[in-house]
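Here are the chains, one letter per residue:
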There are 2 protein chains.
Amino acid sequence: MNPYIQTNDNPDITKERKNASFDVEKFSEFYVGGKRVLAVRREVEKYVEDRKELRDPIPSAFMSREELIDNSMRKMVEMVSHEDMFDITNIEKLSYYASLVHVREVHALSLHYLMFVPVIQSQGTSEQIEKWMTLGLARAISGTYAQTELGHGTNLSKLETTATYDSKTQEFILNTPKISAAKWWPGSLGKFSNHAVVVAILYTNGECKGPHPFVVQIRDTETHKVLPNIKLGDIGPKMGINASDNGYMIFNNLRIPRENMLMKHSKVLPDGKYIKPPHSKLAYGGMVFVRSMMVRDIANHLAIAATIATRYSSVRRQGEITPGKPEVQILDYQTQQLRIFPSIARAIAFRFAGQELRNIFKKVSKQLTQGNAELLPEIHALSSGLKAVVTFEVQQGIEQCRLSCGGHGYSMASAFPELLGFSCASCTYEGDNIVLLLQVAKFLIKSVEKIRSGQGSDLAEICEYLNRKEARNSTLNDFKTYTNYDIVSDIEFVARRQVFRAFNKFEEAKKTMSKEHAWNSSAIEFCKASRWHVKLYIVRNFFKKVDQDAPQEIRPVLKNLARLYAFDLIASAAGNFMENGYMHFEQIQQIKNGFYECLSILRPDAVSVVDGFAINEIELRSVLGRRDGNVYPALLEWAQNSSLNKKEVLAPFEKHIGPMMKKARSML
Amino acid sequence: MNPYIQTNDNPDITKERKNASFDVEKFSEFYVGGKRVLAVRREVEKYVEDRKELRDPIPSAFMSREELIDNSMRKMVEMVSHEDMFDITNIEKLSYYASLVHVREVHALSLHYLMFVPVIQSQGTSEQIEKWMTLGLARAISGTYAQTELGHGTNLSKLETTATYDSKTQEFILNTPKISAAKWWPGSLGKFSNHAVVVAILYTNGECKGPHPFVVQIRDTETHKVLPNIKLGDIGPKMGINASDNGYMIFNNLRIPRENMLMKHSKVLPDGKYIKPPHSKLAYGGMVFVRSMMVRDIANHLAIAATIATRYSSVRRQGEITPGKPEVQILDYQTQQLRIFPSIARAIAFRFAGQELRNIFKKVSKQLTQGNAELLPEIHALSSGLKAVVTFEVQQGIEQCRLSCGGHGYSMASAFPELLGFSCASCTYEGDNIVLLLQVAKFLIKSVEKIRSGQGSDLAEICEYLNRKEARNSTLNDFKTYTNYDIVSDIEFVARRQVFRAFNKFEEAKKTMSKEHAWNSSAIEFCKASRWHVKLYIVRNFFKKVDQDAPQEIRPVLKNLARLYAFDLIASAAGNFMENGYMHFEQIQQIKNGFYECLSILRPDAVSVVDGFAINEIELRSVLGRRDGNVYPALLEWAQNSSLNKKEVLAPFEKHIGPMMKKARSML
């Protein structure tokens, strides 16, 4: 009945599965977003499993960077050729298909589909869309998005690449005036794209008009040689994602036609006259979309890490609890549960938050097409905040899961190094986390200002708690009677206090210094405020999802996970709750007791909960996290792929250490 | 005068150096351990800088695993051939020399010198020492230490490799009875060592005698072929340290002479009679030594990370504080200071703790040779605890420093991926951190039991605080008048309370369950107790070092760093200090104000403090952390090494994506 139980599995993991208190299939249906979604996933899995050409011939851990790139490119061309699966009208199916084929790689057309084509679509005129989107969707050209520079990241207005309009020839002249202006980091730029949307500072009629996007052909479509007046290259290896040729680009008086500036919003007329955009915020939509995808994908990485750690801990035996008895499954250690179980709960919390974000995004997109940008600031703040909080906590959680697997967690066989490499990147790309938290803070300031000016009833729903009446003390008495409503109220209290504290610190500082220095001197408090704001959202959404949407039969296991998440959040920030006696220590102690109880309730269900994440073995890519639990023989088999094992005596021995020892022996 | 200021440096970094309030050279002298030590380091640096053969021909980031190994091996043979530097009677000089040549690599003789030779020395009889140590020191053979198995890590008594004595032939028969018994992880085992000390479970006359060490030849010294009855190989790539051939080994009835069991402590006589060791704890000494080296080395990695982040943040300009003004040095952002400055303070705190640990170790070693093992439990607990706390916090700190450098921190050019790879390993090897913390807890329990039984005056010095009289409240009034003595007292209070809380929880649990389950159910509290015990030691030692040993002229800067460390520790555990009103919120607020003040006092000195760590550019190995601050041109130059930049059009383009696009264009 439980599809995860099969013959010849490790008996320890089968025993776990038999002990589960719930139906794992029902859990999966809810977790992935419905029966239909699960069915589509299974269909895609079967499709990829049945087609060797869509998979890696050897584990990617054993590939050199060149081999990684070659393999990734080969799979990418295969992937897009299966048109029944690679269907851009069905994003859900397509993205799962792509994630099974490419797992944690960024392939050569990732930026093409995620940035190049969408930016043209959202910022191009209809002629521009007709011209470049047609080419792009046909994959007749491949493009990327070149914004960041060696010396410039998130601060768009200070980019140094220039695009100077020459009305005589009706061309823009692109230049990289100094080294710090070199485009740096764009994926697929170094070696494989032949087009790019380049963001450059526009000058026309002698005036600076700030950053604008331009479509630039960078390589010959036939020979693939770099075009004159451009220097291009790979920026070298990184902590992860090395199948991608993140690149640099330097312009020296490159001329492009006037028509290559994307002119849906701003325009430069033939005579050089500049026309301002009507709505300056419309460009936000794309960022929100990318971040909403990110939150869910990154949450999935934590689910993968938790799956690996939980399954491995159920088959790894080490140490005795009772002397003389066999060694115990390490999942029985309280310390091990502490390391892993919060990540299980967070993976779910973050996934649900990501799902909700996408739902809101769909609503906002619809409104945007009708010219209504009212909800944009709210969802922009939420997506920025979720991205910052989730990526950081996912990375922390993956590392805890890795540590929980001891030495084997350090081997590439575990998949943890790759997961960490990816999640570390996610803390920085698509907006540095600190910068994003400060953007959230600006949204919070506006909300507080509304309240202070008596417009508290106008607040966005997500900020209503800021205007709620203050309780003086937590009403928590016994964790068993501590309701979800109480928990949310207590977290609201702390979030509200921190938001007002940061705001007041800022106001106070402004009395003695410039607004800008005041902002800087209260930035740490604002980051904390933003984090609380986001964490409150995550908890509230988790509870709502469980109480309102979850089917009855899996509600108890989810409820325990939601409480585990909330208790962990409160206990690990006990200081904030005890400030000024809002909670006293006995209450914190209750929270801790509740937390311990949640751990032990989860223990017998843990393996089935992670089974319920429905992570396919291809995506798991981990010897430690195998469904069957037969880890040790699989590790030995995996190691046989090592290039060092192809020959018995290696060249470095014969060249270096062998002669040294021989000489030493002859002298004894 | 300041040797770090040179012409053509980035003016931003020169300005920082000119603003320093202290003499950087004096700081270095104190930090490294004295004028003499600094002079030796400079001598070694010059030696290695002058010899191309001791350095990497290209940055190691661009080497394949095979190239890494070949290069490391080549340098190793070079390194040992310079006998004036490679002098094992001068460990201090030798270890710095080795660290400059090999930086963060484990070379082919690392385990040979760190484990194989020392274990024979400490556990062999005089004949065994004469035979194998002579060969080992001459480098006529190369050895490693094989203890961990696929299924077994820290729990020595449950190893599964067997050594069964056959009195007929006077041989031991080594076997790997099942896959989980395969030796797994030992460095240099896979391909390069020809000997190993193997830890196996001894059986003689039909009785199991537990784990014992055996010297085993594993490869032919002439041909280097694996000997019969042994299977050997590399375990595959890891998160880092890939120049090392961590290996696996499987025995199938391998016979070795009786004389190959290391018999200084236990013996097996020719007839199979087993003689027990006189003192079972004498073997601890080696572990303490290795951990004391580790604490200092790992602390140094944090110093390196802080150097990179601080220097880069002084030359990176991004965003405006005042609109219209040029972009600011990101080191001016409070959020950036929060990310980096605690790591500067911790690097120093940990280094001083490591230095002190080594001093105590020397004292204990001397006592041990006189048969006095009195201080052993104390230093064993301290070294275990420091290893666990320092490795974890170093890893966290490195990651914060990496994040502070934005996208560039993700490039291998930054050195952060390598630093993280190394520090992640350090959390697991030489004892899993949780296991170590629980060992510390056992020492703490003994101390509490002494107190409870009225022997409180017998406590080891490091535990005296456990017997101190309880204050009810912190006396903190204003952070400006908060003395080191007050700070230590407050941290003592929290540490003591946590130790007793864990102890009481354990005692309470024992009433309703077995001792072993009670231990498991209080393990999390005990881990916390151990951490507080260690952190208290670190703070106290930092203050002592500054107040008693630091020269007058650098005392102010160090004092500020010590307070920054302590304030950060208290503020980030505010909940513990507020429990039961020991501190109230206004006091925590004072601590925070103190922390902010420390940040701003450190700001103008930050670059010179990290200069004062005296990290050589070879060891730094970071484009972002360059002394001269000329980061951007150096990044561009570094990237030219990428193998992807050797050809303009790469094979994967011609094989895969090129034909795909060509076909698409033909169809339009």
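Residue numbers here run from 1 along each chain, matching the order of that chain's written sequence. As a convention, the first chain written is A and the first ligand written is 1, with the rest following in written order. Side-chain atom pairs in this predicted model are given and counted only at pLDDT of 80 or more, local residue features only at pLDDT of at least 70, and totals for whole chains, interfaces and linings cover all residues. Note that water and hydrogens are dropped before the side-chain values are worked out from all heavy atoms of the structure.

### Quick word on the domain arrangement of chain A
Note the following rule: Annotation comment: domain bounds sourced from an automatic or database domain assignment.
Split by domain assignment, chain A resolves into domain 1 (141-275) and domain 2 (284-453 + 486-626). Taken over C-alpha atoms, the centre of domain 1 of chain A sits 37 Å from the centre of domain 2 of chain A.

### Considerations on the sheet that holds strand S7 (residues 230-234) of chain A
Residues and elements named next belong to chain A. Selection rule: Strand pairing follows a simple DSSP-based rule, namely that at least 2 bridges must link the two strands. Think of it this way: any DSSP run of H or I at least four residues long counts as a helix, any run of E at least two long counts as a strand, and we number them from the N terminus.
Pairing is antiparallel in the open sheet, where three strands are placed in the order S4-S8-S7. Sheet topology places strand S4 (183-184) and S7 at the edges, where each strand pairs with a single neighbour. Across five bridges, the pairing between S7 and strand S8 (residues 247-251) is antiparallel. By the bridge assignment for S8, aspartate 234 is matched with glycine 247.

### What to know about the sheet that holds strand S4 (residues 183-184) of chain B
With antiparallel pairing, the three strands of this open sheet are ordered in space as S4-S8-S7 (chain B). Of all the strands in the sheet, the pair left with one neighbour each is S4 and strand S7 (230-234) of chain B.

### A short note on the UniProt feature "active site" (unreviewed entry) in chain A
Which entries qualify depends on this criterion: UniProt positions are given in the numbering used here, feature names are shortened, and annotations may be inferred rather than shown by experiment.
UniProt records the feature "active site" (unreviewed entry) at Glu430 of chain A, using the numbering of this structure. Mapped onto the secondary structure, glutamate 430 of chain A falls in the loop between helix H11 (416-426) and helix H12 (433-452).

### Observations concerning the interface of chain A and chain B
How big an interface is tends to be stated in terms of accessible area lost as the parts join. Applied cut-off: We call two residues in contact when some of their heavy atoms are within 4.5 Å. Joining two parts hides part of their accessible area as seen by a 1.4 Å probe, and the buried area is that hidden amount summed over both. Salt bridges are identified by distance alone: a Lys or Arg side-chain nitrogen within 4 Å of an Asp or Glu carboxyl oxygen. A 3.5 Å cut-off defines polar contacts: any pair of N or O atoms within that distance qualifies, except that in protein one atom must be a possible hydrogen donor and the other a possible acceptor, and neighbouring residues in sequence count only when both atoms are side-chain atoms. Nonpolar residues are Ala, Val, Leu, Ile, Met, Phe, Trp, Tyr, Cys and Pro. Charged residues are Asp, Glu, Lys and Arg, and all others, Gly as well, are polar.
Contacts between chain A and chain B engage 140 residues on the former and 139 residues on the latter. Roughly 11500 Å² of surface becomes buried between chain A and chain B when both sides are summed, with 62% attributable to carbon and sulfur atoms. Counting every contact that joins chain A to chain B gives six salt bridges. Among the salt bridges present, the one from aspartate 70 of chain B reaches lysine 655 of chain A, with a minimum N-O distance of 3.1 Å. Counting the contacts that link chain A with chain B gives 58 residue pairs in polar contact (both at pLDDT 80 or more). Looking at the side of chain A that touches chain B element by element, the count peaks at ten residues for helix H22 (residues 651-667) of chain A. Here the side of chain A that touches chain B is built from residues that sort into 64 nonpolar, 40 polar and 36 charged.

### So, the relation of the copies chain A and chain B
Stated precisely, the cut-off is as follows: Copies overlap after least-squares fitting; the atoms used are the C-alpha atoms of residues with pLDDT of at least 70 in both.
With an RMSD of 0.0 Å, the fit of chain A onto chain B corresponds to turning through 180° and sliding 0.0 Å along the axis. Taken together, the turn and the small shift mark the pair as related by a two-fold rotation axis. Among all residues of chain A, the minimum C-alpha distance to the rotation axis is found for glycine 575 of chain A, at 1.7 Å. In this assembly, 99% of the residues forming the interface of chain A have copies in chain B that are likewise at the interface, indicating an isologous arrangement.

### Looking at H12 of chain A
Residues and elements named next belong to chain A. The criterion, for reference: One less than the number of residues in a helix, times 1.5 Å, gives the span that helix is expected to have.
Look at H12: 28 Å from first C-alpha to last across 20 residues, which is about the 28 Å you get at 1.5 Å a residue. Measuring from the backbone nitrogen of isoleucine 434 back to the side-chain oxygen at the start of H12 gives 3.0 Å, which picks out aspartate 432 as the cap. Glycine 454 sits one or two positions beyond H12 and adopts a positive phi of about 80°.

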